[in-house]
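Breakdown of the fold
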Amino acid sequence: MNTYGHWPSFLHRYRQHFRCCLVLCLYLLCSTPLTHAQTRQIRQIDSLFRHAPDLASKQKNFLQLYDHINSMSVEKLGNYLQEGKPLFVKGTALYDHYESGYCPYFYKSGKIRECIQTADQILGRAKAGDLIKRPYLNTLLYKCVGYIRNNESKEAIENIFLLLQRSEQAKDSQLVVKGYSILGWAYMELDKYDDAIRWM
């Protein structure tokens, strides 16, 4: 008996359960609970940021907090964004990096359209050579998941393939894995279960 041949009907019958699993996977990708070690590390970075001797050091330490951005609560992230705003000058790559924090902030707040619009603005003014850098890749990632949450899966798939292309060019294996995961979710939302399995 070809067990694989029964997968499509199995998925059709249990598509709601499968969709829930995909949503849970995305939640884990975009919102990871803090461990004790991560909490301690955030406090250390926070302390370095607040006691930095000059502007450049403050900027560097502030942006290091973004490594833990998915684990922060909406309130904590919002507070950091307000504190960081005076440190960065509009029209610079550092400002784009700072503003990219608004994408997860809006996403976590349920303001999906604002998440997509902010991502569009950041990506639209970026230099071509910068688009494969992590801040811009993360911004594109949130644009993709925003489209899926907004039931715009076709637009999401188009942007996910762009994310995968740029992530592979940057040799960023972490974002490549995330890209394939959300690609499966996008196809699932279109009820294309075979494609969802292929990419997951």
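Residues numbered from 1 in each chain as written. Predicted model: local features only at pLDDT ≥ 70, side-chain atom pairs only at ≥ 80, totals over all residues. Heavy atoms only, no water.

**Things to note about the pattern of salt bridges**
Under the criterion given, the structure shown has six salt bridges. A salt bridge links Arg125 to Asp96; the nearest nitrogen and oxygen atoms lie 2.7 Å apart. In this pair, Arg125 is assigned in helix 8 (residues 112-125) and Asp96 in helix 6 (residues 93-99), connecting sequence segments 29 residues apart. For Arg125, the salt bridge is made with Glu99, and the minimal N-O distance between the two is 2.2 Å. Of this pair, Arg125 sits in helix 8 while Glu99 sits in helix 6; the two residues are 26 residues apart in sequence, bridging distant segments of the chain. Its relative accessible area of 39% is what places Arg125 among the partly exposed residues. Look at the salt bridges and you will find they share partners, linking Asp96, Glu99 and Arg125 into a network. (Salt bridge = Lys/Arg side-chain N within 4 Å of Asp/Glu carboxyl O. Helix = DSSP H or I, 4+ residues; strand = E, 2+ residues; numbered from the N terminus. Buried < 20%, exposed > 50% of the residue type's maximum accessible area, 1.4 Å probe, protein only.)

**Overview of the packing of aromatic side chains**
As enumerated under the stated definition, the model contains ten aromatic pairs in all. Their ring planes at 55 degrees and their centres at 5.6 Å tell us that Tyr95 and Tyr98 sit as a pair that is tilted. Residue Tyr95 and its partner Tyr98 are located together in helix 6, separated by three residues, close to a single helical turn. Taking 5.9 Å as the distance between ring centres and 35 degrees as the angle between the ring planes, the aromatic pair formed by Tyr102 and Phe106 counts as tilted. With Tyr102 and Phe106 both in helix 7 (residues 102-108) and four residues apart, the pair spans about one turn of that helix. Chaining the aromatic ring pairs together yields one cluster made of Phe62, Tyr66, Phe88, Tyr95, Tyr98, Tyr102, Tyr105 and Phe106. (Phe/Tyr/Trp six-rings, centres within 6.5 Å; stacked < 30°, edge-to-face > 60°.)

**Observations regarding the state of the cysteines**
A complete count under the given rule lists zero disulfides for this structure. Cys103 forms no disulfide, and the closest cysteine sulfur to it belongs to Cys115, at a distance of 4.9 Å. Given the relative accessible area of 0%, Cys103 is considered buried. (Disulfide = S-S within 2.5 Å.)

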